[in-house]
Amino acid sequence: MSRGRFAPSPTGRLHVGNLRTAIAAWLFARSEGSEFLLRFEDLDRATARLEHEDGQCRDLEALGLSWDSDPIRQSDRLDRYEDALADLGRQGLTYRCWCSRREIREAASAPHMPPGHYPGTCRNLTAREVAERESSGKSPALRLRTDAPDVDIVDRVHGPHREVVDDLVLRRGDGTPAYNLVVVVDDAAQAVEEVVRADDLLSSTPRHAHLFDLLGLPRPTWAHVPLVLAPDGDRLAKRHGSVTLPDRVAVGDTPGRVVAVLAASLGLAVPEVEVMPSDLIDRFSPDQIGLAPWTLLPEGVNDRW
Ligand code: GLU
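Computed from a predicted structure; not experimentally measured.

Q: Can you break down the overall build of the protein residue by residue, with the values?
A: Looking only at helices and strands, the protein features 10 helices and 12 strands. Over its C-alpha atoms the protein spans a radius of gyration of 21 Å, differing by no more than 12% from the 19 Å that the globule rule assigns to 305 residues. In terms of overall dimensions, the protein has C-alpha extents of about 70 × 40 × 35 Å along its principal axes. By residue count, 48% of the 305 residues in the protein fall in the buried class. By sequence separation, contacts in the protein at least 24 residues apart represent 73% of the contacts at least 6 residues apart. As displayed, the protein has an accessible area near 14100 Å², and 49% of this comes from carbon and sulfur atoms. One finds the centroid of the 37 positive side-chain charges in the protein at a distance of 5 Å from the centroid of its 48 negative side-chain charges.

Q: So what's going on with the pattern of salt bridges? Which residues, and what values?
A: Two side chains of opposite charge can pair, provided their charged atoms sit close to one another. Overall, the coordinates contain 26 salt bridges when judged by the stated rule. For arginine 171, the salt bridge goes to glutamate 82, with nearest N and O atoms at 2.7 Å. You can see arginine 171 sitting in strand β8 (residues 169-171) and its partner glutamate 82 sitting in helix α3 (residues 78-90), a full 89 residues away along the chain. Ionic pairing is found between arginine 235 and aspartate 200, a salt bridge with its closest N-O pair at 2.3 Å. Placement of arginine 235 in the loop between β11 (228-229) and α8 (245-250) and of aspartate 200 in the loop between β9 (194-198) and α7 (205-214) is noted, with a sequence separation of 35 residues between them. Each of Arg5, Arg39, Glu41, Arg77, Asp186 and Asp187 takes part in one network of salt bridges that share partners.

Q: Provide a residue-level description of the side chain of histidine 208, including the pertinent values.
A: Summarising the element assignment, histidine 208 is placed in helix α7. Judged by relative accessible area, which is 1%, histidine 208 ranks as buried. Setting aside anything within four residues of it in sequence, one finds histidine 208 in contact with Tyr179, Asn180, Val183, Val184, Arg197 and Trp222.

Q: Describe in detail the site of the ligand, supporting the description with residues and values.
A: Inspection of the region around the ligand gives Arg5, Ala7, Pro8, Ser9, Glu41, Tyr179, Val183, Arg197 and Leu201 as its neighbouring residues. In this structure, tyrosine 179 approaches the ligand through a side-chain N or O atom, which is 2.6 Å from an oxygen atom. In the complex, the protein chains occlude 78% of the 300 Å² of accessible area that the ligand would expose alone. When grouped by side-chain class, the residues that make up the shell around the ligand number 5 nonpolar, 1 polar and 3 charged.

Q: Account for the sheet that holds strand β4 (residues 94-97), with residues named and values stated.
A: Pairing is antiparallel across the open sheet formed by 3 strands, whose spatial order is β4-β5-β8. A single partner strand is all that each edge strand has here, and the edge strands are β4 and β8. Taking the axes of each pair of neighbouring strands and ignoring which way they run, one obtains an average angle of 45 degrees across the sheet. Taken together, the 4 bridges between β4 and strand β5 (residues 141-144) define a ladder with antiparallel strand orientation. When the bridges of β5 are listed, cysteine 97 appears paired with alanine 141.

Here is what the cut-offs are and how they apply
Residue numbers here run from 1 along each chain, matching the order of that chain's written sequence. It should be noted that, the model being predicted, local features are given only for residues of pLDDT at least 70 and side-chain atom pairs only at 80 or more, the latter also being counted only at that level, while totals for whole chains, interfaces and linings use all residues. Note that water and hydrogens are dropped before the side-chain values are worked out from all heavy atoms of the structure. Under the DSSP-based scheme used, a helix requires at least four consecutive residues in state H or I and a strand at least two consecutive residues in state E, with every element numbered from the N terminus. Every radius of gyration here is taken over C-alpha atoms, with the globule rule written as 2.2 Å times N^0.38, N being the number of residues. Residue exposure (1.4 Å probe, protein chains only): buried if accessible area is under 20% of the type maximum, exposed if over 50%, otherwise partly exposed. Pairs of residues are marked as contacts when any of their non-hydrogen atoms sit within 4.5 Å. Note on areas: these come from Shrake-Rupley sampling with a 1.4 Å probe, and a residue is covered only by the protein chains present in the view. Positive charges are assigned to Lys and Arg, negative charges to Asp and Glu, while His and the chain termini are left out of the count. Lysine's charge is taken at NZ, arginine's at CZ, aspartate's at CG and glutamate's at CD. We define a salt bridge as a side-chain nitrogen of Lys or Arg found within 4 Å of a carboxyl oxygen belonging to Asp or Glu. A cutoff of 4 Å decides nearness: a residue is near a molecule or strand if any of its heavy atoms lies inside that distance of it. Think of a polar contact as two N or O atoms within 3.5 Å of one another; within protein, one of them needs to be a possible hydrogen donor and the other a possible acceptor, and neighboring residues in sequence only count if both atoms come from side chains. Under the convention adopted here, Pro, Cys and the residues Ala, Val, Leu, Ile, Met, Phe, Trp and Tyr are nonpolar, Asp, Glu, Lys and Arg are charged, and Gly plus all remaining residues are polar. When DSSP finds two or more bridges between two strands, those strands count as paired. Here, axes are lines fitted to C-alpha atoms. For helices the fit covers the stretch in contact, and angles between N-to-C directions go from 0 to 180 degrees.

Below, the structure written as structure tokens:
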């Protein structure tokens, strides 16, 4: 059976942008008769907390979203990521990198590389240069060795998308495996066939496609749903006010009303009539999702919130 998933970072209650993505991901899966899985991306030890997993599950349940087996947690799976790194290492595709962010920013980028891509400083160090860096005592990051290929994907919302894949970080200097690696290992391990998430990650997806290929894993399909923006035009965040489900309930909304407003933003409902996601399965079609971000207006200014 085909599978979709939602993979939040347990850093607090889900805000309405996360909830909208969750509803969309659930509808993609359920409208195709697919299973739906949950995964907690908790590798950022500074922000991830166990209690937030519980709060996020309660938010999803309150909105009527269901999942098919116990959620998995990335911090339980570090050995899997090390296995993938070892696999890439055996293929000669990894190298250690001691560069700081500042050094990378200040280095001239190679002519064919878009700005911000890794300039390749540590790619071909001599034994002596390696010894110097090792004696600095600084722990190196691990990078993927690429030949800067153009990698193409086809997104179900955005259509064809191409990026140059540079020598991305696979494991940070502090030992934490990088998102771009773990997302690939986990989506493959959970046999996810359709990845639905917010479109701030669209530009990272060719990196994932490249890693799927290198690890000999089947690529899923991708659908990147436009972000929710705050009234100030920034990506929605907690600082923007009453943006979580408990916040909305505290100001008098019901979960059914929250679903209605979010579903209306996806062209599936009207904001005034409470609905549950299960009411939307038959109306859902990926083609209804436009490319424009959805901007929340200041509270009280329109009929949204
Ligand atoms: N953990 C990411 C987030 O909460 C989502 C990553 C993904 O869906 O691949 O934004």
